[in-house]
Protein chains: 4
Amino acid sequence: MGLLIRSGEIVTAADRYIADLYVDEGKVLAIGANLEKRGAKDEVIEASGKFVFPGLVDPHVHMALGFMGTVSADDFEAGTASGVSGGTTTIVDFCIPPRGTPLLNGLEEWKARAKRSVADYTCHMAITGWNDHTAEEMRRVVEDHGITSFKVFMAYKGAIMVDDGELYQVMKQAAKLGAVVTVHAENGDAIALLQQELIAKGDTGPEYHPVSRPSSVEGEATNRALMMARLHGATAYIVHMTCREAVEALERAKLSGQHCYGETCPQYLLLDDSVFAKPDFEGAAYVMSPPIRPAHQGHHDALWRGLASGMLDSIGTDHCPFTIEQKRMGKDDFTKIPNGAAGIEDRLQLLYTYGVCEGRFDLQRMIALASTNPARIFGLYPRKGTIAIGSDADLVVYDPAVSGARSAKTHHSKSDRNIFEGFKVRGAPTHVVVNGRVQYANGALKVERGAGRFLTRAVTRARSEATPRPAGAALP
Amino acid sequence: MGLLIRSGEIVTAADRYIADLYVDEGKVLAIGANLEKRGAKDEVIEASGKFVFPGLVDPHVHMALGFMGTVSADDFEAGTASGVSGGTTTIVDFCIPPRGTPLLNGLEEWKARAKRSVADYTCHMAITGWNDHTAEEMRRVVEDHGITSFKVFMAYKGAIMVDDGELYQVMKQAAKLGAVVTVHAENGDAIALLQQELIAKGDTGPEYHPVSRPSSVEGEATNRALMMARLHGATAYIVHMTCREAVEALERAKLSGQHCYGETCPQYLLLDDSVFAKPDFEGAAYVMSPPIRPAHQGHHDALWRGLASGMLDSIGTDHCPFTIEQKRMGKDDFTKIPNGAAGIEDRLQLLYTYGVCEGRFDLQRMIALASTNPARIFGLYPRKGTIAIGSDADLVVYDPAVSGARSAKTHHSKSDRNIFEGFKVRGAPTHVVVNGRVQYANGALKVERGAGRFLTRAVTRARSEATPRPAGAALP
Amino acid sequence: MGLLIRSGEIVTAADRYIADLYVDEGKVLAIGANLEKRGAKDEVIEASGKFVFPGLVDPHVHMALGFMGTVSADDFEAGTASGVSGGTTTIVDFCIPPRGTPLLNGLEEWKARAKRSVADYTCHMAITGWNDHTAEEMRRVVEDHGITSFKVFMAYKGAIMVDDGELYQVMKQAAKLGAVVTVHAENGDAIALLQQELIAKGDTGPEYHPVSRPSSVEGEATNRALMMARLHGATAYIVHMTCREAVEALERAKLSGQHCYGETCPQYLLLDDSVFAKPDFEGAAYVMSPPIRPAHQGHHDALWRGLASGMLDSIGTDHCPFTIEQKRMGKDDFTKIPNGAAGIEDRLQLLYTYGVCEGRFDLQRMIALASTNPARIFGLYPRKGTIAIGSDADLVVYDPAVSGARSAKTHHSKSDRNIFEGFKVRGAPTHVVVNGRVQYANGALKVERGAGRFLTRAVTRARSEATPRPAGAALP
Amino acid sequence: MGLLIRSGEIVTAADRYIADLYVDEGKVLAIGANLEKRGAKDEVIEASGKFVFPGLVDPHVHMALGFMGTVSADDFEAGTASGVSGGTTTIVDFCIPPRGTPLLNGLEEWKARAKRSVADYTCHMAITGWNDHTAEEMRRVVEDHGITSFKVFMAYKGAIMVDDGELYQVMKQAAKLGAVVTVHAENGDAIALLQQELIAKGDTGPEYHPVSRPSSVEGEATNRALMMARLHGATAYIVHMTCREAVEALERAKLSGQHCYGETCPQYLLLDDSVFAKPDFEGAAYVMSPPIRPAHQGHHDALWRGLASGMLDSIGTDHCPFTIEQKRMGKDDFTKIPNGAAGIEDRLQLLYTYGVCEGRFDLQRMIALASTNPARIFGLYPRKGTIAIGSDADLVVYDPAVSGARSAKTHHSKSDRNIFEGFKVRGAPTHVVVNGRVQYANGALKVERGAGRFLTRAVTRARSEATPRPAGAALP
């Protein structure tokens, strides 16, 4: 059964044009003027006056994450459903094997949890330590399992943090394999001591969370990670960048010719650290790392400018909700508040409203940041990340004429808080198509647990793809 | 009569994918898997194993330019034909009314010359002075004539150079009109004096041309032009950038959030100033302004890095050939050598070979730089600059498997020199489609004088295009 | 008759130490522990608990300046007396011949006015145009008259502004002569047009003065002046720098190895543009160019940091007072308000209070900025600018224990306003010695019209002074 | 018995002037014109045509250092004698207690070795680990022992390297105490792995030493150390900076207002990595860390420019010689070559010749870099570091008219190699006065073992020294 989307304005990372779109068997088959239905049962969506976006790719989510003594509130079913309702049809989660355990064991467990997904998924493989087997395990992860990106944490000392020697090894092996290394860049040693000092002084509330993680420690670690990548010719991707110092470190690297990437998230663009002062422990809902930054220090501007100038490449969400009940684990000690919040469902409307409508970047750039670039960087492209013949039929019909507000009351995440509560938004998805099937239509979610597929990914070396494929050849 | 291009790998600024393409009545009508001919007479091109690019847009050419006492060697027919054979199907020429003459008079004359074009064309309107009528003339140029970009020269003192007061006025009025200001950025006062001193010393050969225009005067003028634009919120586009100092000035502006653009040309990427030392006055063939820069000062790297990092946006050619006979006007005085060289036909193959195949940027970025970005910046998009439903059927089928070398012996320009003589190239256009008609096929040029159309252009304010058009609405 | 200063803490650009100091015949003759009077009539100043500074050098003053249709309120007698009472014992004024008149004629007139000075003086020679005689006139100014620095104005279009060609010529000839070029760096073309527009709109009050001269036009001109100097290997000294953009341009030049200097003034460090909003035309008292800058844009921090980091070299005053009556010439048009204010008498106390006591720089750095560096840069050193054997006995005994406030009621300038009115200050000069004679003691000024001497100056090329002089050789 | 130095040109960090100088009881007592002998036995040095410098302070030496399984070749007697013959009269050595041992034990042992010194000495206290006692031990080192600077090594993993947590603690406690933290900034984790890989590949020769320590690891660590200092408001002093990346990190910190310092050494200015290719293991003589850098990468220029612009503050030597016999410990493994070379004796002549005579900085700047700044930064000033009344009579009479070459054949170090072998030098000390006594005269060294004194040092907070001392008060 095919699907015909008529007269929408198709938007890709480069283009916007009005056309009809025909999809079947989960693929985009034709784009043209005045396309016809091919079968009698073909569904038709009239999209005149609406945008048709490629399904968004979220390069940074944590579903069912066991972390800080609890498990994040959205399992893969709930989290991907929340994503679909917000226009995100592909996620890149994280497989984080405990320090000292084999990567492939971790992967098996992660896959067991992930198979409940309603939309397609993959993961970055976290490296949380280094031993004699790790290099070979990394090779198998890439070559046997199609997971072509890794993650290292330079923070969370005593848990999943790697030291500089381990960081070196990961970068070296990743470079050899052609894999991308995603990096949580904060100086974990400094943070651990700042936390100890604050707690020792009795500064235990959530408002001390940002005090324990100043922007300078993020800037420093970003600079260090980029040096380690440069040393080996590895491709680094700095996740959830929040501050001026980090953006400047990335700018220095990019302008000197280094091949590297930066990601930020809507919360770092739109919120400031006044949220931590909310009464009744509500500030805990905003506790995540790196922390939301102070206004008036240039951080927010640096991020917006980075998105517009091309210095930042990607916008993820770091979706990782915990209920307020879970957050209470840190009632007497902010270091014990589970870090994270929901966001996968809010991203598209926030970027459209505060990015595009405010004139900070255009529609094509929004699609590049939230769909095409994540897909290309992480080897999902052209299957994901665009609207093109042969690509997966993941599509969002977006009506720019409606308006509303984000709220925990209406979102589909299991989180009982929405950190963007009350944020006005312009436009909304009217239809979300996943693998050719309409799974969200006019407010109604029609997803199916387990419909999502694990995506194997290719190694990408974007700059050397000079050879065209013969007709019929597999997508790279 | 339609045209079906089968199984090529379509490349846009964002995408590459294999599909069939159907065009008719000069427009792209359908893109899809397994498209059929619609009419019996439809032409078919088998493009398996080949790329299909949107026709290139050259944002910087001078056909039939009266300059320095002579006229550039390619008229519009020859120049656009040379372009078509090299994959360029749209040109932005310059209308340069003499100082003190009405802009619209100049436009009429320019149009008279331009109507011989074999491919579509438009122009930037040069402002070479300022009087009480100029602001109103600028308004009419934009609003009545669809010419939405201007040009100022900060060099060529005593001829077409504007002073800072004039530059100020142009930027101010352009900002009001939403027009782009393209800028030749060199400090003309300094150059005029450096020239005088060299000639007075008897340093009259072409090897003194670069000495008279050091990179620092380009860097300075770039910084100045960008300040003038910032002062008024105007959009500046710096043409033919050649050096590190200029790129750094643009980087500073962009990273601080200014909306501005930079262009370079293949000759500044691929040649160095050793060319001026060629014997028998052959160095004169390379005389253009700004000059080709010394190796080993970081200029070439700065340009390549700028193209990859997004700091530079566009690659033009400054196509403006003069024969060696014409060049001899400056035999005894390099300041009298007509400035310029051919390049429109060489651009695509050079960028593919030395940009893409050398891994400096990918295919999509090449198309962005040489087609999509010029089209978008100058209001030709989406009619030009991409392969999308409704866009003009300007297409290049490019066979990456062949190889050759650039040479004056085989090029179609009337220039008797090719500044890239002997440069090895990979790939070549096999077919070039202009407005739906195959005008170049397997080495044979089948163009028709006057087939080209004058393109009226819209004012673009890229960052605020948030409103989707209803179906059927005119392209913006 | 000698003078013995006992037990003061002597401060130079490098050192601070307690010693006695003996001077006679206008020179410092001995520094030591337990020095004795040499003659019975020798005067003695007990300076225990006080500082002894070298007399300050003000590199930037305008006495009796004919400007904007009037004459600045302090003639050389009043102005230098005001300086002496504030610890400044040497001034560098400006000789500004009208455009088109011979430099040497101007110099004669300037000397006639200057000979009323109570302290030693010299001037920078302004070049306000260029003709066939100017290069030779510059040579004579330097070689015959011992005036080894020039001044160019990149602002004041239509009056004393030079264009880029003239700037080029001045830099070139100054480089040849080894002279320093001091530069008023603002883009005068832009300012002239901004002024016209404001006046045309009826925005005529003093609060529009800063609007007509935004910081970006200063940053641009600074960058341009430095490029012109670099082109010829000339030494540029940017006067009265006020803003972040200008400091950044200077930083770029210095860090890339260029030999250049920057000056700022207390008003740019301590005042912000709220002063222009004072009622009853009192804002006019603060009208000077470049204007005092807005708070909260980083300008003040950039200047303070530049002074501490070594990027700025010198602090002058641009002393050029006009009475409020004179200011009223611009009652209906801010462009007609005579530009300038008093400052020569305030500098030392302000720098001590807001620079040293606030911990922004140390005592030695203060002396470097306000005395030694101006003396060295302009060829007055070691005669002026330090306390060393053989140097002129220009000395300030400064008591840090007292406190007070700056005020027009108590200052010695003829200006009826003090732009630092009410500013609290720590410390005050108790004695000021000029050429070995105590001319200010405990509040009483004992100066003598005409006691000041015209100082001929040597060409300095600081970096190549590697050769020691034989004993008895003249100071360089 | 006093000493009169007649008619020399005295040079300080700020001044140069011709005067007589009288010293007695180890102090400078008088500076003046035509001073007389005070006692019949007073010695007289005629210094006309010569310079008189303050004795140089070497902020970075290692005498009798137990390191890498051996002991550096110069004990304190030999090393300080070598220093005196080269114009250095004060050293700051390093006390490096093994990891896990009490600082004060280490200090006792260090003092036992150091008391053989022929000139005055002090040390930086190295912190090579952190435990519950370290903060208190640091306090005692500063407050009870007058050692007001610390040293941390970010390299030498597994030996004396500190990790980021330890670095944090040292910076925090040093900030509390007002002490300076000197930092060896290289990423030790990366280096350890690079070394392992090279050795494993059989790349064991000294030419692989620089390969194992690329400049990027130094730049990174410099950036990290400065961040750690900024976090606590500590004063960091980066020792032996060698490369562009490190200078740029320091520039960023300084221009943003951070209070920090940078040091380099003559070998990094004057040698390039071609030295490692010398045959017969002679390259080992040049093995030190960080390594001598490649030519043509901008490192040498960055250092020279930093010295001239004020971004670098100090020039030490890292004097730490090992004989070629000792170097042979690393014959089969470059990581076992004892790191270090002689340099204390060469510094003054090299800086005079290649810094001052080449026009890279002036005489006063040379004295600032090699004497005054080290003295001020480390709390030895004004007792050391200048020629002023009350300062120690450490003086160098330098004859600029002679010329020669540096050589192991003539130097006084026990090292059998001189890394500047054959370097031409201009000028030489004719007399070196230590504490008022002539200890080197016309080539003859007359030093006395144990004559040197341990110098206790004050905490300096240069920027807040606003209060003058009363007469007779102790030097700060």
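The present account deals with the structure reproduced in this document. Treat the numbers as computed from the prediction; the structure is a model and nothing was measured. (Residues numbered from 1 in each chain as written. Chains lettered and ligands numbered in written order. Predicted model: local features only at pLDDT ≥ 70, side-chain atom pairs only at ≥ 80, totals over all residues. Heavy atoms only, no water.)

### Observations concerning the side chain of Asp58 of chain D
All names here are of chain D. Examined against the element boundaries, Asp58 turns out to sit in strand β6 (residues 56–58). One buried charge, Asp58, has no salt-bridge partner; the nearest side chain with opposite charge is Arg347, at 4.3 Å. A distance of 3.0 Å separates the side chain of Asp58 from the backbone nitrogen of His60, its partner in a polar contact. Within polar-contact distance, the side chain of Asp58 engages the side chain of Thr317 at 2.7 Å. Once residues lying within four places of it in the same chain are set aside, the contact partners of Asp58 are Thr88, Thr90, Ile91, Val92, Gly316, Thr317, Ile344 and Arg347. (Helix = DSSP H or I, 4+ residues; strand = E, 2+ residues; numbered from the N terminus. Buried < 20%, exposed > 50% of the residue type's maximum accessible area, 1.4 Å probe, protein only. Lys, Arg positive; Asp, Glu negative; His and termini not counted. Salt bridge = Lys/Arg side-chain N within 4 Å of Asp/Glu carboxyl O. Polar contact = N/O pair within 3.5 Å; in protein donor to acceptor, adjacent residues only side chain to side chain. Contact = heavy atoms within 4.5 Å.)

### Quick notes on the packing of aromatic side chains
Per the counting criterion, the structure on display carries 56 aromatic pairs over all chains. Taking the centre distance of 6.2 Å and the plane angle of 70° together, the rings of Trp110 of chain B and Phe454 of chain B count as edge-to-face. Note that Trp110 of chain B is positioned in helix α2 (residues 103–114) and Phe454 of chain B in the segment after β19 (444–445), a separation of 344 residues in sequence. Each residue in the set Phe51, Phe53, Tyr352 and Tyr398 of chain A is aromatic and connected to the rest through ring pairs, giving one cluster. Taking the ring centre of Phe454 of chain D as reference, the NZ or CZ of Lys111 of chain D above it sits at 4.1 Å. Against the face of Tyr381 of chain D rests Arg376 of chain D, its NZ or CZ located 5.6 Å from the ring centre. (Phe/Tyr/Trp six-rings, centres within 6.5 Å; stacked < 30°, edge-to-face > 60°. Lys NZ or Arg CZ within 6 Å of the ring centre and 35° of its normal.)

### Side note on the sheet that holds strand β9 (residues 88–95) of chain C
Residue and element names in this part refer to chain C. Ordered by their spatial adjacency, eight strands build an open sheet running β6-β9-β10-β11-β12-β13-β14-β15, and the pairing between neighbours is parallel. Each edge of the sheet is formed by a strand with only one pairing partner; in this case those strands are β6 (56–58) and β15 (314–315). Pairing of β6 with β9 involves three bridges; the strand directions are parallel. Each residue of the ladder has a partner; that of Asp58, found in β9, is Ile91. Contacts from helix α4 (residues 164–177) reach β11 (149–153), β12 (180–184) and β13 (235–238), with the element oriented near 150° to β12. Taken strand by strand, helix α12 (residues 363–377) contacts β6, β12, β13, β14 (260–264) and β15, and its axis lies near 60° from that of β6. (Pairing = 2+ DSSP bridges. Axes fitted to C-alpha atoms, helices over the stretch in contact; angles between N-to-C directions.)

### As for the pairing of strand β14 (residues 260–264) of chain A
All names here are of chain A. Where burial is concerned, most of β14 is hidden: five out of the five residues are buried. Residues Cys260, Gly262 and Thr264 line one face of β14 and the alternating positions Tyr261 and Glu263 line the opposite face, and both faces are buried. The pairing of strand β13 (residues 235–238) with β14 spans three bridges and is classified as parallel. The residue of β14 that forms the bridge with Ala236 is Cys260. Crossover connection from β13 via helix α7 (residues 244–255) to parallel β14: handedness right-handed. (Right-handed = clockwise from strand over helix to strand, strands pointing away.)

### Considering the nonpolar core
As a rule of thumb, soluble globular proteins bury nonpolar side chains together. Ranked by size, the top nonpolar core spans 119 residues in total, and within it Phe53, Met125, Phe150, Met171, Val183 and Met366 of chain B carry the most contacts. Of all the elements, helix α4 (residues 164–177) of chain B adds the most residues to this core, at seven residues. Excluding its chain neighbours within four sequence positions, the residues that come into contact with Val183 of chain B are Lys151, Val152, Met154, Met171, Ala225, Tyr237, Ile238 and Val239 of chain B. Within the second largest apolar cluster, 118 residues are counted, among which are Ala126 and Leu193 of chain B together with Leu177 and Phe281 of chain C. (Core = buried A, V, L, I, M, F, W, Y, C linked by side-chain atoms within 4.5 Å.)

### Focus: the relation of the copies chain C and chain D
There are two copies of the chain, and a rotation about an axis plus a shift along that axis relates them. Overlaying chain C with chain D gives an RMSD of 0.0 Å, the required rotation being 180° about an axis along which the chain moves by 0.0 Å. Such a turn and shift between the copies fits a two-fold axis. The share of interface residues of chain C whose copies in chain D are also at the interface is 100%, consistent with both copies meeting through the same surface. (Least-squares fit on C-alpha atoms with pLDDT ≥ 70 in both.)

### Observations regarding the packing of helix α4 (residues 164–177) of chain D against helix α6 (residues 215–232) of chain D
Residues and elements named next belong to chain D. Close contact between α4 and α6 brings their axes to 9 Å; oriented N to C, the two are set at 45°. Considering their axes alone, α4 and α6 lie oblique with respect to each other. In this structure, α4 meets α6 at a crossing whose hand is right-handed. Within the contact between the two elements, α4 uses Asp164, Leu167, Tyr168, Met171, Lys172 and Ala175 and α6 uses Arg224, Ala225, Met228, Ala229, Leu231 and His232. Residues that form the contact of α4 with α6 fall into these classes: eight nonpolar, one polar and three charged. (Parallel < 35°, antiparallel > 145°, perpendicular 65-115°, else oblique. Left-handed = near helix turned anticlockwise from the far one by under 90°. Nonpolar A, V, L, I, M, F, W, Y, C, P; charged D, E, K, R; others polar.)

### Comments concerning the arrangement of the chains
Left apart from each other, chain A and chain C have a closest C-alpha approach of 10 Å. No interface is formed between chain B and chain D, the nearest pair of C-alpha atoms being 10 Å apart.

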